[in-house]
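Single-letter residue listing:
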Amino acid sequence: MDANKEKIKIFCIGSNLESYECLKYLVLKGCAIDTLITLPAGQDKNVSDYYDLHDFCEQNGIETIDTLNVNSESTVAKVKEAKPDYLFTLGWSQIFREDFIGCFSQFIVGTHPSKLPYGRGRAPLPWTIIEGLSASAVSFFKIDTGVDTGKIITQKHFEIPDRCYVNELYELVAEQLSVGFFEIYSDINSNKTISFSPQETDGVTVRGKRSPEDGLITFNKTVDEIDKLIRAVSHPYPGAYCYYKDKKIIFWEVALDEDGNYSGTPGQILKKDSKGILVQFLDGNLWLRMPAFDDGTAVDLKVFRLGEKLGYHLQDEIYYLRKQLGKC
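The model shown is predicted, which means the values in this text are computed figures rather than measured ones. (Residues numbered from 1 in each chain as written. Predicted model: local features only at pLDDT ≥ 70, side-chain atom pairs only at ≥ 80, totals over all residues. Heavy atoms only, no water.)

What follows concerns the overall build of the chain. In terms of helices and strands, the chain carries nine helices and 14 strands. In terms of overall dimensions, the chain has a C-alpha envelope of 80 × 40 × 40 Å along the principal axes. A buried classification covers 45% of the 328 residues belonging to the chain. A separation of at least 24 residues holds for 67% of the contacts in the chain among residues at least 6 apart in sequence. As displayed, the chain has an accessible area near 17300 Å², and 47% of this comes from carbon and sulfur atoms. (Helix = DSSP H or I, 4+ residues; strand = E, 2+ residues; numbered from the N terminus. Buried < 20%, exposed > 50% of the residue type's maximum accessible area, 1.4 Å probe, protein only. Contact = heavy atoms within 4.5 Å. Areas by Shrake-Rupley, 256 points an atom, 1.4 Å probe, with all protein chains shown as cover.)

Before going further, it helps to examine the packing of aromatic side chains. Summed over the entire model, instances satisfying the criterion amount to 16 aromatic pairs. Judged by centre distance (5.1 Å) and plane angle (90°), the rings of Tyr 86 and Phe 107 are edge-to-face. Highlighted residues: Tyr 86 in strand β4 (residues 86-91) and Phe 107 in strand β5 (residues 107-112), separated in sequence by 21 residues. Owing to a relative accessible area of 11%, Tyr 86 belongs among the buried residues under this scheme. Taken together, a centroid distance of 5.5 Å and an interplanar angle of 75° make the contact between Phe 100 and Phe 104 edge-to-face. Here Phe 100 and Phe 104 have matching classes, each one buried. Linked through ring pairs, Phe 11, Phe 96, Phe 100 and Phe 104 together constitute an aromatic cluster. Residue placement shows Lys 29 over the ring face of Phe 182; its charged tip is 5.5 Å from the ring centre. Here Lys 248 stacks its cationic end above the ring of Tyr 241, 4.2 Å away from the centre of that ring. (Phe/Tyr/Trp six-rings, centres within 6.5 Å; stacked < 30°, edge-to-face > 60°. Lys NZ or Arg CZ within 6 Å of the ring centre and 35° of its normal.)

Here the focus is the sheet that holds strand β2 (residues 35-38). Strand order across the open sheet formed by seven strands is β3-β2-β1-β4-β5-β7-β8, with mixed pairing between neighbours. Two strands close off the open sheet at either side, each with one partner strand: β3 (63-66) and β8 (152-159). The mean angle between the axes of side-by-side strands here comes to 20°, regardless of whether they run parallel or antiparallel. By the bridge criterion, three bridges tie β4 to β5 in an arrangement that is parallel. By the bridge assignment, Leu 87 is partnered in β5 with Ile 108. Strands in contact with helix α2 (residues 17-28) are β1 (10-14), β2 and β4; relative to β4, the strand with the most contacts, it is inclined by about 130°. (Pairing = 2+ DSSP bridges. Axes fitted to C-alpha atoms, helices over the stretch in contact; angles between N-to-C directions.)

Neither face of β2 is exposed, since Thr 35 and Ile 37 on one face and Leu 36 and Thr 38 on the opposite face are all buried. Bridge analysis of β1 against β2 gives three bridges, and the strand direction is parallel. Paired with Ile 13 across the two strands is Ile 37, which belongs to β2. What joins β1 to β2 is α2, and the crossover it makes is right-handed. Of the strand pairs in this sheet, β2 and β3 are connected by four bridges, and their pairing is parallel. The partner of Leu 36 across the bridge, within β3, is Thr 64. (Right-handed = clockwise from strand over helix to strand, strands pointing away.)

Before going further, it helps to spend a moment on the environment of Gly 14. With respect to the helices and strands, the residue Gly 14 is situated in strand β1. Counting along the chain gives 299 residues from Gly 14 to His 313, while the straight-line C-alpha distance between them is 43 Å. Residues in contact with Gly 14, not counting those within four places in the same chain, are Ser 19, Leu 36, Ile 37, Thr 38, Leu 53, Gly 91 and Trp 92.

Bringing the pattern of salt bridges into the picture now. Throughout the structure, instances matching the rule amount to nine salt bridges. The partner of Glu 131 in a salt bridge is Arg 207, with the nearest N and O atoms 2.9 Å apart. Of the two residues, Glu 131 is situated in the loop between α6 (124-130) and β7 (135-142) and Arg 207 in strand β9 (residues 206-207); the sequence distance between them amounts to 76 residues. Taking the relative accessible area as the measure of exposure, Arg 207 reaches 6% and is therefore buried. For Lys 228, the salt bridge goes to Asp 224, with nearest N and O atoms at 3.1 Å. Taken together, the residues Lys 228 and Asp 224, both in helix α8 (residues 223-232) and four residues apart, mark about one turn of the helix. (Salt bridge = Lys/Arg side-chain N within 4 Å of Asp/Glu carboxyl O.)

A few words on the sheet that holds strand β11 (residues 247-256). For sheets, the rule is that strands pair by backbone hydrogen bonds, running either parallel or antiparallel. Ordered in space as β10-β11-β14-β13-β12, the five strands form an open sheet in which the pairing is antiparallel. Strand pairing shows two members of the sheet lacking a second neighbour, β10 (240-244) and β12 (269-272), which therefore form its edges. Ignoring strand direction, the axes of neighbouring strands in this sheet form an average angle of 45°. In terms of strand pairing, β12 meets strand β13 (residues 276-281) through three bridges, oriented antiparallel. Counted as the bridge partner of Ile 269 is Val 279 from β13.

Helix α7 (residues 166-189) packs onto α2 with a crossing angle of 40° between their chain directions and a minimal axis gap of 9 Å. Judged on the interaxial angle alone, α7 and α2 are oblique. α2 and α7 meet at a crossing whose hand is right-handed. Mapping the contact onto sequence places Leu 17, Glu 18, Glu 21, Cys 22, Tyr 25 and Leu 26 in α2 and Tyr 170, Val 173, Ala 174, Leu 177, Ser 178, Val 179, Phe 181 and Phe 182 in α7. A breakdown of the residues in the contact of α2 with α7 according to their chemical character gives 11 nonpolar, one polar and two charged. (Parallel < 35°, antiparallel > 145°, perpendicular 65-115°, else oblique. Left-handed = near helix turned anticlockwise from the far one by under 90°. Nonpolar A, V, L, I, M, F, W, Y, C, P; charged D, E, K, R; others polar.)

Everything listed is a geometric property; what it means functionally is a separate question.
Below is the structure:
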């Protein structure tokens, strides 16, 4: 490597499991990563897939800059002082503002796990499963001040297995991210010209934010809708849930009813096995499996009684509440 190449300073930014997998791959491949911008350790991050990367960085000679807001004056000042050339965005949810973008002498590589311009916006992995996609891509692009709007550097396409869980999709995306970043790193290190292609103006879609409350299981929906929901918000996300006997219960797994011998009313428990319960939905049944309480404790399947229903029944609940209050 000549002296000019040695001066190239590459930063990464990330704070989740996906970031760890990418960073580990880059280090394994011999990439010289100078600094990682990440969330500080030991705090409530409100990041469902948070992964503390400080120990890994220390073990591999990578400096760290901790921040809760990359656009803050203090963070921008620290990054500017280091005079970095490139930033690889391994996994970070904040939008980068102009001051932060301007810290890098070359450019920031942004990523998004969809075939941009399709699927811009939030919660891309859960939405990919909820939308029932059979194929997708990881897009690498030059960051600008928009949301996933930058010029495309490359896209890594992949197939999605049938009835894929979000953690499986997560692994597929992490693999494509790792390979894509390594290729870009190799091009930078070899002084190859990196080309940028403007995103198409047709086919733009933007996905909205998802919150834990969007994982509520309701029983007037189809088997297909609930099957996709449970798989989309399983680990490492908060999970799909409903209520039973005034307890919040999360179901981490779901299985199709292959026999179709049972029927009942929506929300009714029709059968039990060693892993979960068979429940009636709008157009059929599903096995809801691996139940756990909100604190993570496994639910003893003896709790569930055949013939009873999951969920609250609002009109009945309102009636009894009004009766208690003496209003009916």
